[in-house]
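# Tertiary structure, described
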Amino acid sequence: MIVVTGAAGFIGSGLVGKLNDMGIKRIIIVDDFSNDDKEHNLVGKKYAQRIDRADFIEWFKTHGDEVKFVFHIGARTDTTEFDKEVFDRLNLNYSKDIWRYATQHGVPLVYASSAATYGLGEHGYDDNHRVVENLKPLNPYGDSKNDFDKWVLKQHIKPPFWAGLKFFNVYGPNEYHKGRMASVVLHAYRQISRTGEMKLFRSHNEKYDDGEQKRDFIYVKDVHNICAFLMENRPESGLYNVGSGKARTFKELAVHTFHAMNREVEISFIDTPEDIRDNYQYFTEAKMNKLISAGYSKGFHTLEQGVKDYVENYLLDGKYL
């Protein structure tokens, strides 16, 4: 039996589908199922039982011996939420409980960390454990993820295998419910559909031209492949970057979205809001050496490939993965 938390969400629901494709149907799905919009993500998925997030820890405490693997993907991911107590409860302490019972029952664990832990990138984007204590995230969400990473690295008793995945900018199907926290690709698609143009943030850094700000964008299907690889191969435990390893500009992303929609490119620029301007990231790029050295060889979708697949096979017809 395999557990997936956050199973009705963006990454988690697609992971359930990936496990189904691998012939795995004895899955315990865990989430806050009160958001009806997320139910679309689970249509057609095969699983054994659904457990509310609030009830899962007690269930895991008593049923842990039946569990073969845990994917802890669920988290509060709103980077505009600044109530630290919310993140301490839903991200940090909840994750500690899952870790403790995974350890107690000898269950391998993969959990969602985040590239938000890297802050402005003062220490680079290397998933080296030695830098974790020095990282300075930019918001309480990033703090909660880094606090858990730091706590994990200090534990002497651990699950038989564990991996913390530092997700970079993930985009792809099943994120319709995410609102303002959805990927730039989905926002671009909706804006272009509505207005025929795309507005990008103007650069306020002399090193970058307008629209040339760069991010490491990774297609969600690659994330699912990486999760499956870690479950099947269980390389050395540790923190792993999950990005494409190739930074691309927001302008490129917008252009490829226009092309996939068969629309003429119309891009304009607006000032970056002052409340986020000082902490705005102009560059992120995952160092992927550790995962590749661990044996991951499937490669990654290019931005062109990922956007084309996402737009043509999902967004144009409102389909789900």
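As the structure is a prediction and not an experimental result, all values here were calculated from the model.

You can see H105 is positioned in helix α3 (residues 84–105). According to the relative accessible area criterion, H105 is buried, its value standing at 18%. Within the structure, the side chain of H105 is placed 3.5 Å from the backbone oxygen of F60, a separation counted as a polar contact. A distance of 3.1 Å separates a polar atom in the side chain of H105 from the backbone oxygen of K61. The contact partners of H105, leaving out residues within four places of it in the chain, are F60, K61, G64 and D65.

Let's shift gears to the sheet that holds strand β2 (residues 27–31). Two strands in a sheet stick together by hydrogen bonds in their backbones, pointing the same way (parallel) or opposite ways (antiparallel). Pairing is parallel in the open sheet, where seven strands are placed in the order β3-β2-β1-β4-β5-β6-β11. The open sheet has two edge strands with one neighbour each: β3 (49–52) and β11 (238–242). Across the sheet, the mean angle separating the axes of adjacent strands is 20° when strand polarity is ignored. Two elements, strand β1 (residues 2–5) and strand β4 (residues 69–72), share four bridges in a ladder whose sense is parallel. For T5, the partnering residue across the bridge sits in β4 and is H72. In the packing of helix α1 (residues 10–21) onto the sheet, contacts are made with β1, β2, β4 and β6 (162–167), and the angle to β1 comes to roughly 155°. Here helix α4 (residues 140–153) sits on the sheet and contacts β5 (109–114), β6 and β11; the angle it forms with β5, its principal contact strand, is near 140°.

Of all hydrophobic cores here, the largest spans 43 residues; its most connected members are V4, F71, L165 and L230. Elements supplying a minimum of two residues to this core: β1, α1, β2, β4, β5, β6, α6 (220–233) and β11. Counting residues per element, this core draws most heavily on α6, at seven residues. In contact with F71, not counting residues within four places along its chain, are I2, V3, V4, T5, L15, L19, V110, C227 and M231.

Turning to the packing of helix α5 (residues 184–195) against helix α10 (residues 303–315), a few remarks are in order. Two elements in contact, α5 and α10, have axes separated by 11 Å at closest approach and are oriented at 55°. With respect to α10, the axis of α5 lies oblique. Handedness of the α5/α10 crossing: right-handed. Where α5 abuts α10, its residues V185, L186 and Y189 lie against V307, Y310, V311 and L315. Of the residues contributing to the contact of α5 with α10, the split by class is seven nonpolar, no polar and no charged.

What follows deals with the side chain of R215. Relative to the helices and strands, R215 is located in strand β9 (residues 214–215). Salt bridges are absent for the buried R215, whose nearest opposite-charge side chain, D216, sits at 10 Å. In terms of polar contacts, R215 uses its side chain to reach the backbone carbonyl oxygen of Q281, at 2.5 Å. Setting aside residues no more than four positions away along its own chain, R215 makes contact with N169, K246, A247, R248, F250, Y280, Q281, Y282, F283 and T284.

Here we come to the pattern of salt bridges. Inspection of every chain in the model, using the stated rule, returns 14 salt bridges. Its salt-bridge partner being D97, residue R100 comes within 3.3 Å of it at the nearest N-O pair. Separated by three residues within a single helix, R100 and D97 lie in helix α3, roughly one turn from each other. Between E133 and K154 there is a salt bridge; the shortest N-O distance is 3.5 Å. One end of the pair, E133, is in the loop between β5 and α4; the other, K154, is in the loop between α4 and β6, and 21 residues separate them in sequence. For E133, a relative accessible area of 47% translates into the label partly exposed. A relative accessible area of 54% places K154 in the exposed class. Among the charged side chains, a network of salt bridges with common partners joins R202, D210 and D271.

Our next topic: the pairing of β1. Residues I2 and V4 of β1 are buried on one face, and the alternating residues V3 and T5, pointing to the opposite face, are buried as well. Here four bridges tie β1 to β2, and the two strands are oriented parallel to one another. Paired with V3 across the two strands is I28, which belongs to β2. Where the polypeptide runs from β1 across α1 and back to β2, its parallel neighbour, the crossover connection is right-handed.

Definitions and limits used
Residues numbered from 1 in each chain as written. Predicted model: local features only at pLDDT ≥ 70, side-chain atom pairs only at ≥ 80, totals over all residues. Heavy atoms only, no water. Helix = DSSP H or I, 4+ residues; strand = E, 2+ residues; numbered from the N terminus. Buried < 20%, exposed > 50% of the residue type's maximum accessible area, 1.4 Å probe, protein only. Polar contact = N/O pair within 3.5 Å; in protein donor to acceptor, adjacent residues only side chain to side chain. Contact = heavy atoms within 4.5 Å. Pairing = 2+ DSSP bridges. Axes fitted to C-alpha atoms, helices over the stretch in contact; angles between N-to-C directions. Core = buried A, V, L, I, M, F, W, Y, C linked by side-chain atoms within 4.5 Å. Parallel < 35°, antiparallel > 145°, perpendicular 65-115°, else oblique. Left-handed = near helix turned anticlockwise from the far one by under 90°. Nonpolar A, V, L, I, M, F, W, Y, C, P; charged D, E, K, R; others polar. Lys, Arg positive; Asp, Glu negative; His and termini not counted. Salt bridge = Lys/Arg side-chain N within 4 Å of Asp/Glu carboxyl O. Right-handed = clockwise from strand over helix to strand, strands pointing away.

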